[in-house]
Structure formats: structure tokens, C-alpha cells
2 protein chains.
Amino acid sequence: MTDITADPGRDRPRSASPTLHDVARHAGVSLATASRVLNGSTRKVAESYGDRVRSSAELLGYSANLSAQATAKGTSAIIALLVADIADPYFGLLASGVAHGADEAGLVVTIAITERDAEREIRLVRALRGQRPRGLILAASRRAETTDPRLKHELDALTAGGGRIVTVGPGGGDFPAVLIDNRGGARALGVALAARGYRSAIVLGALEGVRTSDDRIEGFSEGFRSGGGDISRVIRGGFDREGGTSAMDEALAGGVAPGAVVFGISDVIALGAVSAIRKAGREVGADIAVAGFDDIPTGKDVTPALTTVHVPLTQVGHEALRAVLDDSWVSGETIILEVLLRESTPQR
Amino acid sequence: MTDITADPGRDRPRSASPTLHDVARHAGVSLATASRVLNGSTRKVAESYGDRVRSSAELLGYSANLSAQATAKGTSAIIALLVADIADPYFGLLASGVAHGADEAGLVVTIAITERDAEREIRLVRALRGQRPRGLILAASRRAETTDPRLKHELDALTAGGGRIVTVGPGGGDFPAVLIDNRGGARALGVALAARGYRSAIVLGALEGVRTSDDRIEGFSEGFRSGGGDISRVIRGGFDREGGTSAMDEALAGGVAPGAVVFGISDVIALGAVSAIRKAGREVGADIAVAGFDDIPTGKDVTPALTTVHVPLTQVGHEALRAVLDDSWVSGETIILEVLLRESTPQR
DNA sequence: TTGTAGGCGTTATCAT
DNA sequence: ATGATAACGCCTACAA
């Protein structure tokens, strides 16, 4: 008969990660002391002990168990990020800014993708909530104030649990927001295009109710009209490239006069439109001008280069992170956008 | 004097999230029972109790505390993803696949960005390790077998802690990998370009030692030479757009004969090259042909459309996720790539 | 300054 | 099938 107590192994099952306990024992100090030097902060501990503990930790390859820390402290070092589609450059750039900021702050970011599906979004927030994140950055294109009560419920639960929520984009919701001046930027674009001599425009937008889209459409219309232009059509579709091509197909089917300008409310949509225009045998630029919004890198690579409105996405992400960490943060400066006139909208 | 025990509030500090305890009490069952119906699985519990518990949970807005679950179970529901740069479409697409798969599996994805900085990478793995993730997907461009021992140490610690590691890309490391046939794809591209009549090529790659880059360079060289072509120069630089432009500038300074083809080992690099070529007043296509690798969406939008090798990144990400979850997974089918000949490399 | 001990929200073992 | 109860790894009054 083997001695059941002796059999399983040495002291500890040396397969799992070393615990704080292991480190303390190895350093010959108490758990509390080890905790203080390794994780806790303000407390003071003698130099000699500190060094002992640190080297033991190093030697053992100790890494604090964040989950345990979180359950003990009641709060985690996690920032949750909710985006519509991480493969979309808009969100990629944004996520990049968030991730950088998080890294600087010693936080970890958890990411989830809504695919612009409301049900999915609710499910995801619920799941994210399980992490008791320190904060949640909501960057998925919000649909107006029509916020689903169930989503609202999950969101409230998250804040009730001590997490801060920050939205990025249009703002106007129930949470602090990093404001992007979509309306102003679009207005400036409208004015600039009118000044370039355009008089007729077709707008390609997302579904009605998507704030970002609505704001850009309205702003553009104001600006373009104030410059003497006329919006001949507003076609709504998906927020992706495919949405742009089909909307443009529809526009072309209805007839597009030479010299008109097409405003896609995002560069991705505009690029889809460019593709549709080409496929229809028309020329982008002098024949049918195209402008977008966001200033994703691709816009500079296409020919003719895409006129757009620059949105400092990485910076926005970074600011969103700071905002979510700062309890006193309510609203920063609205992010001002800059019009970038390029060859896709030549002077007429 | 206020009664200190009565003062702070009702039963519980009704500000934090309701706990399993709250739910159990509300439903009038034991903690264990509540746990079984809500989270645990196999165990059976009477229908009546089950319903009671579920509705209590619903009513209270209960959401399992993942951290607590993790400390109790010793394993988390987290998948960590390490990429070089989330704003790069390559990684964006990959992350998208991972995120989708994770969602299906009820897992949460934590993301970190190395920026191709070795020090940073070590730090990040250490941080990620704190989460005791169920798995880690390593997609940051690995630098050959020159793996830093400290990184190796962190990685080993992570597996020792029960996490599985899967790399995506070249493979050949110490961990299971989702293999991408960079070499074969590049070889096929070389052959195809030679068949299109090209005889002289300039290769724009990343720094020596970056496996993905090296494999693509070697594969391309083999293929192109086998078709009768000649590699006139190999210029190495950064893995981003800027790396492509400066490498191309260098190539142009040395002189590039009309009819040559430039192979950028990634689309992003190739796009940078295109930009440099244009700026130098040369024409892309008939004059200087350009080919890339990856097949990022932008490649279809530029003019002339970019010849490239399609890498099913989203699928790769999805497979990486499955691989990291499946302990018995060692290596799947190598991902086969497909050459996409477009207008940037016209027939000569 | 250091250690002791109780608690964080869950899970899982073991009786019942 | 259900319910106490001891972990899980860590933090933090409180005591020494």
C-alpha cells in the first residue's frame, strides 16, 4: 500500500503556476508581506525583505493571478472594448489607440465584436460584464436613442457593478462620450465641395437611426446647400463596402449626371461606390466625383486619391481609454475634424 | 450615536452586482444548487428549482463573476491574442476570425499589441499570463528560432499554468501552429510572374530573421528563378507601409529598369512601394510591375489592382482558435494559398 | 514594519 | 437530488 499522503508529490503539485504563497514561503516571509511588495502598493516594507521577495518571485517565475486579485479586490484591471467589426480599419485604428493607452496604464483589454447586431451586442455586454471590467468602451455604432431597454439594462448593471462606461462617437447617450464632430466635419466637407464647384450630390448612408450616419448626412446637407448645392438623393444601406457598392448601383440605375459628387458617409462605403462606378464604365473624378469620411489609410492609395474628412481614430481611442479611467471625466474637447480635399473631387 | 451595525444599509450593499448568494437566497435554495443550475453543468436539478433559480437570476440581473469562477476552477474562459499591430489589416482580419470563434465557444478574447518590439512582447506575455488564459494565440511576427530566452521562459510558464499556446504562421517553433504555406504561395507567385514574361525582380522584405518574410523571399526566389527569372536585388526594411516606400526609394535610387517586377512580401509593403514609384514619376504596371502578399481588401481598390497571394486570414484566425482549445490538436492541414494575378503585373 | 485571520464569489467534495 | 463546507489565490483590516 502506498502512503496516500506522501505519494502525489513533493510539496506542491509543481505543474501549476507558483502562488503568492509559494513565493512567501520561499522568501521566508508572511503572505501579507509578499503581497505588499509584489502587488499592493502604498505600504512600506524593509529593503532586505523586499529584495528577498522579489528575487524569490523572479526565481519561481511568479505572476500574480489577476482573477484572484480581482475577486479579492472586487475590481479588475480589465478594460472591455466593444466594436462593430475589428477588421474594419476604422475600428482597427481605434482599437490600436485603446490598446496602447491600456498598456501604458498596465491594463488588459478585452475585445468583443457586435457585427452591428443588437442581439449579439446584448449578449456580449452580458458576457463582458462577467469580467467586472474597470471600464467599457462602447464604439459599436450606436443606433440613436432607440437603445434597446435590455441593452440599457445590461449597461446599467455594469456601471452598478463599479465599471465606467464611455461611448465614442455622436454622444448624447446616457454615458460620458468622446465626442467626434461628425456633423461639423461633414458640414465643412459640404462647404468645401460646393466651393469646388459641385452643385449636385448623392449621399450614400447607413440605415436611418444610426447616429454617426445621420449626423454626417445632415451636416453634409447643411454645408453643401449653404454653398449653393443640391442633394439629389440619399440612399441608405449597409455600413460596409458592400453597402457602398449596392447603394451606388442603385444610384447609377436611377441615373447620375456627369459632374455630380457622391458622398459616402464612410471611406469604406465611398470605396465601395468607387468600385461600382468603375464597373458601370464611368470614370471617378471628372465624371462622377466621390468623397468619403474617416481618412482610412486606403484612401491615400487609391487612384484618384479619395477626398475625405480626417478623424484621428488612434487618438480618439487613446482618449477614450483615459476617459474611462478617470471618474471625474465627463466630456473632453470635441474632436475636431479636418477636410482633406484630394483628386477624387477635382475642381470643376 | 448611530448604531454602526445597522447604519450602512439594508441587507447587502445594493450597489455592486448581485452574487450567486443573492440569487440562491432569493430563490430559497442553497448556494450549491444555484451554482449547478446557473453555471455548473452535468449535475441534475429538479425542474421546479431550476426555474425558480433562473427567474431569480433574471430578475436580479445576475451575471456570473468570471474572476471568481476562474479562481475557483483554476482555469479561465479567456483566450489571449498577441498581434504585432491591430491597425494592420492583416492582423485585423486574423483577430476577426479569432473573435468570432471565441464568441461561438463562449470565450472572451483579450488582445495585446507587440508593435514588433521584443521587450514589449515579453512584458505583454507576462501580463497576459496573469489572466491564466485557457490559451494564447501568438500571431506577432516571430523572429526565427532566435527566440529570446526570457520570452521562452514566460511562454513555458504559461503552458505550465495550464494554458495552451498556438502560433500562427511559419511554425517550426516549440508550439503547435496553424501553418501558412508562405513559401509555397510565394513560389507559385514567382512561377506565375515568370510565366507572365518577367525576367528581373526586386524583392522588398522585412528584416532578416523574420520568418514570414524570409520564407516568402526564399519561396519567391525559387519560383521566379525556376521560371527563368533573376532576382536583381533584395532590400530589407520595416514591415509596414513606410518600410515599403523607403525600400522602394532605395531601389529606385539604384535604378530600376522598365519591365522589372517588384515583389513586396506583404501587400502593405507593396502598397508603400507603389506610392514611392508614383512619387518618382514612374508608372506602376507596364513600366514597373508590383506584386504583394496577403490579399488585404485594399489591394482590390487600388489602380492598377494589386497582384497578390490570397491568405484566408479570417479562416486562419478561426482555426487558430479551434486549435488552441483542442488539446489533441497538433497541426492541421497547412493553409494553402492562392495566387491572384491582377493588373499591377500585366502580361509582358 | 510584520504577521494573523477573515473575506471576496465560485466550485466541488462529501454527506445527507 | 440537495445542502453544508472546505478550498481557490489573493487582499486587507486588525492585532502584535
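A. Structural view of the interface of chain A and chain B. Across the boundary between the two partners, chain A contributes 52 residues, which contact 52 residues of chain B. Summed over the shared surface of chain A and chain B, the number is 6 salt bridges. Residues Asp103(A) and Arg123(B) are paired through a salt bridge, measuring 2.6 Å at the closest nitrogen-oxygen approach. Our enumeration of links across chain A and chain B arrives at 18 residue pairs in polar contact (both at pLDDT 80 or more). Sorting the residues of the side of chain A that touches chain B by element identifies helix H4 (66–73), helix H5 (89–104), strand S2 (108–113), helix H6 (118–129), helix H7 (149–160), helix H11 (267–279) and helix H12 (298–301) of chain A as the ones contributing at least two each. Among the residues making up the side of chain A that touches chain B, the classes are represented as 24 nonpolar, 17 polar and 11 charged. Taken together, the 3 bridges between S2(A) and strand S2 (residues 108–113) of chain B define a ladder with antiparallel strand orientation. Its bridge partner lying in S2(B), Ile111(A) is registered against Val109(B).

B. Expanded view of the relation of the copies chain A and chain B. The transformation that overlays chain A on chain B combines an axial shift of 0.0 Å with a rotation of 180°, and the residual RMSD is 0.1 Å. The symmetry that links the two subunits is that of a two-fold axis.

C. Region of interest: the environment of Ile180(A). Residue and element names in this part refer to chain A. By the element assignment, isoleucine 180 lies in the loop between strand S5 (177–179) and helix H8 (182–195). The class for isoleucine 180 is buried, based on a relative accessible area of 6%. The spacing of isoleucine 180 and leucine 313 is 133 residues in sequence and 9.7 Å in space, taken between C-alpha atoms. Excluding its chain neighbours within four sequence positions, the residues that come into contact with isoleucine 180 are Tyr90, Val168, Gly169, Val311, Val316, Thr334, Ile335 and Leu337.

D. Representation of the sheet that holds strand S6 (residues 200–206) of chain A. All names here are of chain A. Pairing within the open sheet is parallel, and its 4 strands lie in the order S7-S6-S8-S9. Edge positions in the sheet fall to strand S7 (230–237) and strand S9 (288–291), since each has one partner strand and no second. Direction aside, neighbouring strands of the sheet carry axes that sit 20° apart on average. In this fold helix H9 (residues 211–226) packs onto S6, S7 and strand S8 (260–264), with an angle of close to 170° to the strand it touches most, S7. Each of S6, S7, S8 and S9 touches helix H10 (residues 241–254); the most contacted strand, S7, lies at about 135° to it.

E. Geometry of the protein's contact with DNA strand D. The environment of DNA strand D is formed by 25 residues, the closest being Leu20(A), Ser35(A), Thr33(B), Arg36(B) and Ala46(B). Near the protein, meaning within 4 Å, the atoms of DNA strand D are sugar or phosphate in a fraction of 68%, with bases accounting for the rest. In the model, a phosphate oxygen of DNA strand D is placed 3.2 Å from a nitrogen or oxygen of the Ser30(B) main chain. Measuring from a phosphate oxygen of DNA strand D, one finds a backbone N or O atom of Ala46(B) at 2.7 Å. Ranked by the residues each element gives to the surface near DNA strand D, the list is headed by H4(A), at 5 residues. Partitioned by chemical class, the residues of the surface near DNA strand D number 11 nonpolar, 9 polar and 5 charged.

F. View of the side chain of Arg164(B). Residues and elements named next belong to chain B. In this structure, arginine 164 sits in strand S4 (residues 164–169). No salt bridge is formed by the buried arginine 164, whose closest oppositely charged neighbour, aspartate 327, lies at an N-O distance of 4.1 Å. Only 3.4 Å separates the side chain of arginine 164 from the backbone oxygen of valine 324, close enough to count as a polar contact. Not counting the four nearest positions on each side in its chain, arginine 164 is found in contact with Arg134, Gly135, Leu136, Pro176, Ala323, Val324, Asp326, Asp327 and Trp329.

G. Expanded view of the protein's contact with DNA strand C. Within the structure, DNA strand C sits among 27 residues, and Thr33(A), Arg36(A), Ala46(A), Leu20(B) and Ser35(B) are positioned closest to it. Within the side chain of Thr33(A), a nitrogen or oxygen atom sits 2.5 Å from a phosphate oxygen of DNA strand C. In the model, a base oxygen of DNA strand C is placed 3.5 Å from a nitrogen or oxygen of the Thr71(A) main chain. Sorting the residues of the surface near DNA strand C by element identifies helix H2 (31–38) and H4 of chain A together with helix H2 (31–38) and helix H4 (66–73) of chain B as the ones contributing at least two each. In terms of residue count, H4(B) provides more of the surface near DNA strand C than any other element does, 5 residues in total.

Cut-offs used in this document
- Residues numbered from 1 in each chain as written.
- Chains lettered and ligands numbered in written order.
- Predicted model: local features only at pLDDT ≥ 70, side-chain atom pairs only at ≥ 80, totals over all residues.
- Heavy atoms only, no water.
- Contact = heavy atoms within 4.5 Å.
- Salt bridge = Lys/Arg side-chain N within 4 Å of Asp/Glu carboxyl O.
- Polar contact = N/O pair within 3.5 Å; in protein donor to acceptor, adjacent residues only side chain to side chain.
- Helix = DSSP H or I, 4+ residues; strand = E, 2+ residues; numbered from the N terminus.
- Nonpolar A, V, L, I, M, F, W, Y, C, P; charged D, E, K, R; others polar.
- Pairing = 2+ DSSP bridges.
- Least-squares fit on C-alpha atoms with pLDDT ≥ 70 in both.
- Buried < 20%, exposed > 50% of the residue type's maximum accessible area, 1.4 Å probe, protein only.
- Axes fitted to C-alpha atoms, helices over the stretch in contact; angles between N-to-C directions.
- Near = heavy atom within 4 Å.
- Lys, Arg positive; Asp, Glu negative; His and termini not counted.

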